Amino acid sequence: MKKHVIVINGPGGVGKDTLCAMAAKHFKVKNVSSITPIKEIAALCGWGGEKTDRARKFLADLKALTVAYNDYPTKWIAKEYEDFLLSDEEIMFVHIREGEEIRKFVEATNGEAITLLVRGGRRFHHRGGAYGNAADDDVEKYRYDYVFYNDRPLADTERVFVSFLNRITKEHQ
């Protein structure tokens, strides 16, 4: 069985987690984020799980500090990738925001990981403007392998996204 690693990214609130949950109904999915270990550290500092602009900046800044100190997020996600390779899971979605971090992870998989940008449509509140942190503000600056437009009615999204996944995984057999 060929395993597929997909780095998934997009602006906050565009439906990335919903798409991953839909995929999990059709494939054995592992869904991880490079921010997970940072959230654990942030919780020790009083962060309560909120998704405000201030909280997003705090998480992005904390992640940048750990990257600069010992590249902890990449080391953590690489371990998750190693575990995935030993599992019976078929698709691993990896949420990484920053272009340089995406590049490092793709290299850590020897180029096996493919990258996917999710863009939203009318049903998503798009506020235009910046979030105030590079992780969110620079999402579009990376050159992704694929773009998925999450712009259909929710009732149609699962079918369309699963079809999209079938197509791109066949291209990477």
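Conventions used here
- Sequence order as written defines residue numbering, which begins from 1 separately in each chain.
- Where local features are concerned, this predicted model is filtered to residues with pLDDT of at least 70; where side-chain atom pairs are given and counted, the filter is 80 or more; whole-chain, interface and lining totals use all residues.
- As a rule here, side-chain values cover all heavy atoms of the structure and leave hydrogens and water aside.
- Pairing of aromatic side chains here covers Phe, Tyr and the six-membered ring of Trp, requires ring centres within 6.5 Å, and sorts the geometry by plane angle: under 30 degrees stacked, over 60 edge-to-face, intermediate tilted.
- Strands are runs of DSSP state E lasting at least 2 residues, helices are runs of H or I lasting at least 4, and numbering of each runs from the N terminus.
- Under the scheme applied here, a residue whose accessible area is under 20% of the maximum for its type counts as buried, over 50% as exposed, and between as partly exposed, the area being computed with a 1.4 Å probe on protein chains only.
- Here, a charge over a ring means that NZ of Lys or CZ of Arg falls within 6 Å of the ring centre while also lying within 35 degrees of the ring normal.
- Salt-bridge detection follows one rule: a side-chain nitrogen of Lys or Arg within 4 Å of a carboxyl oxygen of Asp or Glu.
- Following DSSP output, two strands are said to pair if at least two bridges run between them.
- The span one expects for a helix is its residue count, reduced by one, times 1.5 Å.
- An arc is given here, and it is the one of the directions from the helix axis to the C-beta atoms.

Participant: Could you clarify how one ought to interpret the packing of aromatic side chains in this entry?
Facilitator: The relation between two aromatic rings is expressed through the spacing of the ring centres and the mutual angle of the planes. Following the criterion strictly, the structure yields seven aromatic pairs and no others. Geometrically, the ring pair formed by Phe148 and Phe161 is edge-to-face, given 5.0 Å between the ring centres and 70° between the ring planes. Separated by 13 residues along the polypeptide, Phe148 in strand 5 (residues 146-150) and Phe161 in helix 7 (residues 154-171) bring together distant segments of the chain. Using a relative accessible area of 4% as the deciding quantity, one classes Phe148 as buried. In this structure an aromatic cluster arises from ring pairing among Phe93, Tyr146, Phe148, Phe161 and Phe164. Looking at Lys3, its charged tip hangs above the ring of Phe84, at a distance of 4.4 Å from the centre.

Participant: Would you explain the pattern of salt bridges in this entry?
Facilitator: Two side chains with opposite charge may pair up if their charged atoms get near one another. All chains considered together, the criterion is met by 15 salt bridges. The salt bridge involving Lys30 is made with Glu80; its shortest N-O contact spans 3.2 Å. Placement of the pair is Lys30 in strand 2 (residues 29-33) and Glu80 in helix 4 (residues 72-85), with a sequence separation of 50 residues. For the residue pair Lys30 and Glu80, the accessibility class agrees, reading buried in each case. Measuring nitrogen to oxygen at the nearest pair gives 2.8 Å for the salt bridge that ties Asp61 to Lys57. Residue Asp61 and its partner Lys57 are both found in helix 3 (residues 53-70); the two are separated by four residues, about one turn of the helix. Since its relative accessible area comes to 37%, Asp61 is described here as partly exposed. One salt-bridge network, held together by shared partners, links Asp71, Glu101 and Lys104.

Participant: Would you take a moment to explain the pairing of strand 4 (residues 114-120) for this structure?
Facilitator: Within a regular strand, side chains alternate between the sheet's two faces. Counting buried positions along strand 4 gives five out of seven residues, so the element sits mostly inside the fold. Judged from the four bridges that link them, strand 1 (residues 4-9) and strand 4 form a sheet pairing that is parallel. The residue bridging Ile6 from the neighbouring strand is Ile114, located in strand 4. Pairing of strand 4 with strand 5, which is carried by five bridges, proceeds in the parallel orientation. Its bridge partner being in strand 5, Leu116 is matched across the sheet by Tyr146.

Participant: Looking at this structure, how should I read helix 3?
Facilitator: Because each turn of an α-helix spans 3.6 residues, side chains separated by three or four positions end up pointing in the same direction. Between the first and last C-alpha of helix 3 there are 26 Å, a value that for 18 residues agrees with the 26 Å anticipated at 1.5 Å per step. Along helix 3, the residues classified as buried are Ala55, Leu59, Ala60, Leu62, Lys63 and Thr66. The buried residues of helix 3 occupy an angular sector of 165° when the element is viewed end-on, so they sit on one face. Helix 3 presents Arg54, Leu65 and Ala68 as exposed residues on the side facing more than 90 degrees away from its buried surface. With its phi angle positive at about 60°, Asp71 sits one or two positions after the end of helix 3.

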